[in-house]
Amino acid sequence: MQNKYSIQDIFQQYGDEYTKKHNLSKEQWKVFNAIRNCGTKNLGYHICTCEECGEEYFGYNSCRNRHCPMCQNYARENWIQKESSYILDSKYFHIITTVPYELNEIFLNNPKICYNILFKATSESILTLADDPKWLGAKVGITSILHTWGQTMEFHPHIHSIVTGGGLKNNHWVSCDKDYLFKVQVLGSLFKGKFLSFLKHEFNNLVLKAELKDMKTFNKFLEPLYNKTWITYIEPPKGKAENVVEYVGRYSFRVAISNDRIKNIENGNITFEYKDYKDNSKIKEMTITAEEFIRRFLLHVLPKHFTKIKHYGLLSNRNKKSNIKFCRLLISRILSNEFISNISRKPLEFKCENCGSTNFSYSFNYTYGRSCTS
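Keep in mind the model is a prediction, meaning the values are calculated, not measured. (Residues numbered from 1 in each chain as written. Predicted model: local features only at pLDDT ≥ 70, side-chain atom pairs only at ≥ 80, totals over all residues. Heavy atoms only, no water.)

**Q** I would appreciate a short explanation of the packing of aromatic side chains in the present structure.
**A** Think of a pair of aromatic rings as described by two things: how far the centres are apart, and how the planes are tilted against each other in angle. Going through the model one piece at a time under the given rule, you end up with 16 aromatic pairs. Taking the centre distance of 6.0 Å and the plane angle of 50° together, the rings of Phe107 and Tyr115 count as tilted. On the accessibility criterion, Phe107 (1% relative accessible area) is buried. Within the aromatic cluster, the residues linked to one another by ring pairs are Phe107, Tyr115, Phe119, Phe155, Phe191, Phe195, Trp230 and Phe306. The side chain of Lys120 reaches across the aromatic face of Phe198, ending 4.5 Å from its centre. (Phe/Tyr/Trp six-rings, centres within 6.5 Å; stacked < 30°, edge-to-face > 60°. Buried < 20%, exposed > 50% of the residue type's maximum accessible area, 1.4 Å probe, protein only. Lys NZ or Arg CZ within 6 Å of the ring centre and 35° of its normal.)

This is how it looks when you write it as C-alpha cells:
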C-alpha cells in the first residue's frame, strides 16, 4: 500500500513559501528541485517497449538523487548485489561513533572537512585497536556509513561501521572469540583524541565564527570536550554472515526520513513518527511546522561528490578482491567447509504484463531538449 504522504508532497505544497524566506545553498537547491520534480512531467518521460510482443509502457523519469526517498530502492538493490561478493564467513560487529552537539555548528559550516575527519578518526581508531595484541591483534575490514540525523531529523552526525570479527595477521586468519572486539570505553577515548587532534590540524581551513578565529580561543573552546564522554556503541549484528550486506544496505541508503513515517501534512504542520530511544524505543508522533520540517531535512544534504560509504583495512578498494579471496581460503581451512560468497538474490526486474518478457528497449525524452534511445 502506497503511503498517503511524501516529502515530495511537502516540498510541492510548502516549498515555494520556504524558499522565499530562506537562502538555500547550491546543493540544497539541487536536492529540493530534484525531489519536488521526481516522477513528474517536469523531468520528462520514458517509454519501455517489450522486444517480444511490442507492448509499450509509459512513465515519467525519476530524479535519481541520493537524498530522494523514492529513488533509493533500486540503488540499494544494486549496491547489495555488488557487495554480496565480498562477505566473509565470519561474525560482524556494528560500531557507532558520534560527536558531541557542541561541534554541530562547526560541522554545519565545514561539512566536507568535518565529515572526512569523522571518517578518518573512526577508521583509524578501529584499525589501531583491532591490530593491538591486547585485543584481536589483526587487520580487520571496515565498511563505514555516514548519517547526519537523529530520529527527529535534528542534526546528529555519526558513523555506522560494520567490522569483520576477525582479521589477517602474518598471513593467518585470526578470529574473534568474544562478543566484542575491544572495550567500548577504550574506543570512545581513542576516537575522541584522534578527532580533536585532526580538527585542530585543520584550524586554518575552517570557517569559524568570530570568537573562535584565534587559535588560542579555539583550543579553549575544545578543552571541555576532552573531559566529556563521547558516545560510542558496539554490538554484533544479528543473523548470519550472509545477512550483513542486507543490514548495511538498509543503513547505507537511508535518507533523513522515509515517506512511510509521515502521517499528516495539513494546515502548515507536518506530523511524523519517530522512535524515542530515551523511552524504551517507543514509537511516538511529533508535529512541527512545514517550514521547520523542510529546514531540518535540508540540513542533511551532503557536499557535492562526497562519498557517504567508505571501506578500510581488508576492504579498502585497492586490495579488496585479493584480500577477500585470501581470507576466504584461510577461513575455509579453519572451518573445513565451503562458504557461498555470492548470495542468491533475485534482481529487480520489470516484466511485460502481456507476455512476461523481461527484454525491453527504452526511449527517453527530457524536458530540456535532449532525447536518446537505448
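And the narrative resumes.
**Q** How should the pattern of salt bridges be read in this particular structure?
**A** One side chain can pair with another of opposite charge once the charged atoms of both are near each other. Throughout the structure, instances matching the rule amount to 15 salt bridges. The partner of Glu17 in a salt bridge is Lys21, with the nearest N and O atoms 3.8 Å apart. With Glu17 and Lys21 both in helix α1 (residues 7-21), this residue pair falls four residues apart, about one helical turn. Under the relative-accessibility criterion, Glu17 is labelled partly exposed at 48%. Residue Lys21 is classed as exposed on the basis of its relative accessible area of 53%. Among the ionic pairs, Glu292 bridges to Arg296, the shortest N-O distance being 2.8 Å. Separated by four residues within a single helix, Glu292 and Arg296 lie in helix α9 (residues 290-298), roughly one turn from each other. One salt-bridge network, in which partners are shared between bridges, spans Glu154, Glu292, Arg295 and Arg296. (Salt bridge = Lys/Arg side-chain N within 4 Å of Asp/Glu carboxyl O. Helix = DSSP H or I, 4+ residues; strand = E, 2+ residues; numbered from the N terminus.)

**Q** What should I look at first to understand the confidence of the model for the protein chain in this one?
**A** When pLDDT is low, close inspection of the predicted coordinates is not appropriate. Residues at a pLDDT of 70 or more form 91% of the protein chain, whose mean pLDDT is 88. The weakest mean pLDDT in the protein chain belongs to strand β14 (residues 371-373) at 37; the strongest belongs to helix α5 (residues 111-131) at 98. When the criterion is pLDDT under 50, residues 336-344 qualifies, and its contacts beyond four places in sequence or with other chains add up to 14 contacts. In the model, residues 368-374 has pLDDT below 50 throughout and makes 13 contacts with residues more than four positions away in sequence or in other chains. (pLDDT = per-residue confidence, 0-100. Contact = heavy atoms within 4.5 Å.)

**Q** What should I look at first to understand the state of the cysteines in this one?
**A** Defined simply, a disulfide is a covalent bond joining two cysteines at their sulfur atoms. All told, the structure shown has zero disulfides when counted by the stated rule. In this model Cys53 remains outside any disulfide bridge; the closest cysteine sulfur is found in Cys352, 3.6 Å from its own. Free cysteine Cys63: the closest other cysteine sulfur is in Cys38, separated by 3.7 Å. (Disulfide = S-S within 2.5 Å.)

**Q** How should α9 be read in this particular structure?
**A** For the α-helix, the turn length of 3.6 residues means that residues three or four positions removed from each other point alike. Looking at α9, one finds that the buried residues are Ala290, Phe293, Ile294, Arg296, Phe297 and Leu298. Next to the buried residues of α9 lie α1, α2 (26-37), β9 (262-264), β10 (269-276) and β11 (282-289).

**Q** Sorry if this is basic, but what is going on with the nonpolar core here?
**A** Among soluble globular proteins, nonpolar side chains are generally buried collectively. Counting 46 residues, the largest nonpolar core has Leu103, Phe107, Phe182, Phe195, Leu199 and Phe218 as the members making the most contacts within it. Among the secondary structure elements, those contributing two or more residues to this core are β3 (92-98), α4 (104-109), α5, β4 (141-149), β5 (155-164), α6 (184-201) and α7 (215-226). Here this core gets nine residues from one element, more than from any other, and that element is α5. Once you skip the residues sitting within four places of it in the chain, Leu199 turns out to touch Leu103, Ile106, Cys114, Ile117, Leu206, Phe218 and Leu222. Of all hydrophobic cores here, the second largest spans 31 residues; its members include Cys38, Ile262, Ile265 and Ile288. (Core = buried A, V, L, I, M, F, W, Y, C linked by side-chain atoms within 4.5 Å.)

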